[in-house]
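The chain contents come next:
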Amino acid sequence: MLGYIRLEIARARRDPGYVIMGFTMPVVMYLLFTNLGVAGDDHGWAALHVMVSMAAFGAIGSAFNNGTGIAEDRTAGWLRQLRITPLAPVQVIAGKAGTGMLVVLPAIAGVCLSAALLNGVRLAIWQWASIVLLLWAGSLPFTLLGLAIGYRFSGQTAAVLNIAANLVLAIVGGLWLPAEVFPSWLKALAEWTPSFAYADLARKIAFGQTPGTGVALILTCWLVVFGLLALYGYRRAGRLA
Amino acid sequence: MSRAALDRWIYLGSRALRSVFRMTNDVVSLKNVTKRFGAVRAVDDLSLDIPAGQTVALLGPNGAGKSTGIRLLLGLLAADSGTVRVFGGAPEAAIRSGRLAAMPQEGGLVSRTTVGELLGFVSGTYRAPLPLREVMAVAGLEELAGRRVERLSGGQAQRLRFALALAGDPELILLDEPTAALDVRARREFWESMRAFAARGRTVLFSTHYLEEADEYADRVVVIDRGRIVADGTSREIKRLVSLTTVRVTVPAPETAWLELLPGVTSVEIRGDRAHLRTRDADTTVLALAEAGAVRDLEVVPAALEDAFIALTGVDA
């Protein structure tokens, strides 16, 4: 299974879509959003707030990209090829999920490093560690949703759904514009999304607050839902392979 | 327990034991396997046993059920009825243990990897793989280790698929139309590699619609048509089965009825002073002719496997 993860990582490195969406875009957007039209006192707030938002946005994009790659793999006969190796199906899924947990790291690391080195964000070590850990572990539901889409839909459809889900979750979840500026009905909606919950956990740490259990519960519920969807998609794909 | 009952127990027990051993001797065992796709029976009540060490060709026209049969043997498809056994167990178990490997007809080469990476990964999934260098050499990939998979030519891609199937040093290898995309030279090279593999006592099952491949490389040819086996034997036996070998001899006398009584002969056709005898066993027919002193201008015209194929399936391959 480690061999499988190594192979998938080598493939991701050569995927321009991943390099752009999973690293370049979130870092560039972070630097733009925090340095254009934001002045004075607001800069410090924005540098920290948007750091979590963009790290989350990049991680979600990477997680989706990894999962929907499954659709391409299926079309290419790669999943069938894996089925005629001694690897058990569950090892293949675990390997793909493990890859998902690794490919989110460049976005998180890239944005956090830009914040520290270029935007002068200063946090305690435990805060940095907690933020990175929460952003990393919290990306699992999105990896699973990506897998669900990848197993359920064919290449083109999966790619479109990937981008659509990514944008909807980013916008409604308040990753591009903070949910604080939303009209009240949209804000109410935003609080139920996995992307809001995901970013909110790390954001609370960043601003020295305690993450809410309600938010953690919402993200956990999404984890279960997306996990079940991934399982359903995998079973269905297995029958059709 | 009476003596008779004891005898019966011993008889039944030994028979069960024998059948168990026979089962484990057969590397592949299909029993009354049927697979439908909608109304079409892709595989129709098919039974086939393959003992260890044989090289078997699954010969049939397109749509005969060859690929479906191979996918059933790999556990990629489940049979609607009947049993599929590989090494006496489920195909999945044979794959898991590394004893069964396969080369799909197409696909399976994932993009954004190099030949070396892909082969190294697949090799690493086996407990006792062949050394990578050996696999590369057998498949003729030494020069291509760093090449990206999507930049391989058709023949190179096929050699990589073959290498992936060989990597775990399987005891049984299934090849679905392995040479379909290859030119004549690549085809010959491929079969040389295949022969080297089979020579180590491995069992090979390959599907093909190239008759000369079945004729030349298989110990046994299973002709399949519309999901059913229509002939099974060596290519020589199959040709004989449809009695297509023709013995031609010049016979002076006008009466020729005796020719029809010769051993092996199935039909006689007289063209001028030449008798064309269709025979299922040319050797004995010729011997009988010799005993009767009728050997003038005798010639034996062997049937092409192709003729047998057409006769058996009614399809012009």
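Only a predicted model underlies this, so the values are computations on that prediction, with no experimental measurement involved. (Residues numbered from 1 in each chain as written. Chains lettered and ligands numbered in written order. Predicted model: local features only at pLDDT ≥ 70, side-chain atom pairs only at ≥ 80, totals over all residues. Heavy atoms only, no water.)

Draft legend 1. Looking closely at the overall build of chain B. Within chain B one finds eleven helices and 13 strands. The C-alpha extent of chain B, read off along each of the three principal axes, is 75 × 70 × 40 Å. Sequence separation of 24 or more characterises 67% of the internal contacts of chain B that already satisfy a separation of 6 or more. The centroid of the 40 positive side-chain charges in chain B is displaced by 7 Å from the centroid of its 40 negative side-chain charges. (Helix = DSSP H or I, 4+ residues; strand = E, 2+ residues; numbered from the N terminus. Contact = heavy atoms within 4.5 Å. Lys, Arg positive; Asp, Glu negative; His and termini not counted. Charge placed at Lys NZ, Arg CZ, Asp CG, Glu CD.)

Draft legend 2. Spatial organisation of the overall build of chain A. Helix and strand content of chain A: twelve helices and zero strands. Of the regular secondary structure in chain A, the N- to C-terminal order runs α-α-α-α-α-α-α-α-α-α-α-α. Relative to the 2.2 N^0.38 estimate, which gives 18 Å for 241 residues, the radius of gyration of chain A is 18 Å and therefore close to what a compact globule would have. For chain A, the C-alpha atoms occupy an extent of roughly 60 × 35 × 30 Å along the three principal directions. Here chain A holds 241 residues, and the buried ones make up 51% of them. Long-range pairs, those at least 24 residues apart, make up 80% of the contacts in chain A with a sequence separation of at least 6. Looking at chain A as shown, the accessible area adds up to about 10,700 Å², and 73% of this sits on carbon and sulfur atoms. One finds the centroid of the 16 positive side-chain charges in chain A at a distance of 15 Å from the centroid of its 9 negative side-chain charges. (Rg over C-alpha atoms; globule rule 2.2 N^0.38 Å. Buried < 20%, exposed > 50% of the residue type's maximum accessible area, 1.4 Å probe, protein only. Areas by Shrake-Rupley, 256 points an atom, 1.4 Å probe, with all protein chains shown as cover.)

Draft legend 3. Structural view of the environment of T24(A). Residues and elements named next belong to chain A. Along the polypeptide, T24 turns up in helix α2 (residues 16–35). Residues T24 and C112, 88 residues apart in the sequence, show an inter-C-alpha distance of 13 Å. Within polar-contact distance, the side chain of T24 engages the backbone oxygen of V19 at 3.1 Å. (Polar contact = N/O pair within 3.5 Å; in protein donor to acceptor, adjacent residues only side chain to side chain.)

Draft legend 4. Expanded view of the domain arrangement of chain B. Residues and elements named next belong to chain B. Splitting chain B by domain gives domain 1 (24–233) and domain 2 (242–313). Look at where the C-alpha atoms of domain 1 and domain 2 centre, and you get two points 39 Å apart. With eleven residues of domain 1 at the contact, the number on the domain 2 side is five residues. Regarding the contact of domain 1 and domain 2, the summed buried area is about 690 Å², with carbon and sulfur atoms giving 83% of it. Sorting the residues of domain 1 by area buried against domain 2 places L211, V223 and V230 first, and these three jointly supply 52% of that buried surface. Here domain 1 and domain 2 share zero salt bridges between them. (Domains from an automatic or database assignment. Buried area = accessible area lost by both parts, 1.4 Å probe. Salt bridge = Lys/Arg side-chain N within 4 Å of Asp/Glu carboxyl O.)

Draft legend 5. Structural detail: helix α6 (residues 154–166) of chain B. The end-to-end C-alpha distance of α6(B), which contains 13 residues, comes to 18 Å, matching closely the 18 Å that a straight helix rising 1.5 Å per residue would cover. Of all the 13 residues making up α6(B), eleven are buried; the element is thus mostly covered by neighbouring parts of the structure. Burial in α6(B) covers these residues: G155(B), Q156(B), A157(B), Q158(B), L160(B), R161(B), F162(B), A163(B), L164(B), A165(B) and L166(B). Among the structural elements, α4 (78–83) of chain A together with β5 (100–103), α4 (115–124), α5 (132–139), β6 (172–176) and α7 (184–198) of chain B are those in contact with the buried residues of α6(B). (Expected span 1.5 Å × (residues − 1).)

Draft legend 6. Geometry of the interface of chain B and chain A. Listed per partner, the contact involves 25 residues of chain B and 23 residues of chain A. Summing both partners gives a buried area of about 2,300 Å² for chain B against chain A, and 59% of it is carried by carbon and sulfur. By the criterion of area lost to chain A, the three top residues of chain B are L76(B), R112(B) and F121(B), representing 31% of everything that side buries. When the shortest N-O distance is used, the salt bridge between E72(A) and R112(B) registers 3.8 Å. At the surface where chain B touches chain A, the tally comes to nine residue pairs in polar contact (both at pLDDT 80 or more). When contributions to the side of chain B that touches chain A are tallied by element, the ones reaching two or more residues are α3 (91–96) and α4 of chain B.

Draft legend 7. Representation of the pattern of salt bridges in the model. The tally for this structure, following the rule as stated, stands at 25 salt bridges over all chains. As a salt-bridge pair, K66(B) and E177(B) come within 3.4 Å of each other at their nearest N and O atoms. Taken together, the residues K66(B) in helix α2 (residues 66–73) and E177(B) in the loop between β6 and α7 connect sequence positions 111 residues apart. Relative accessible area serves as the criterion here: at 4%, K66(B) is assigned to the buried category. Measuring nitrogen to oxygen at the nearest pair gives 3.3 Å for the salt bridge that ties E189(B) to R185(B). Remark: R185(B) and E189(B) occur in helix α7; sequence separation between them is four residues, near one turn of the helix. Each of the salt bridges in this network shares a partner with another, and the network as a whole consists of E8(A), R11(A), D73(A) and K96(A).

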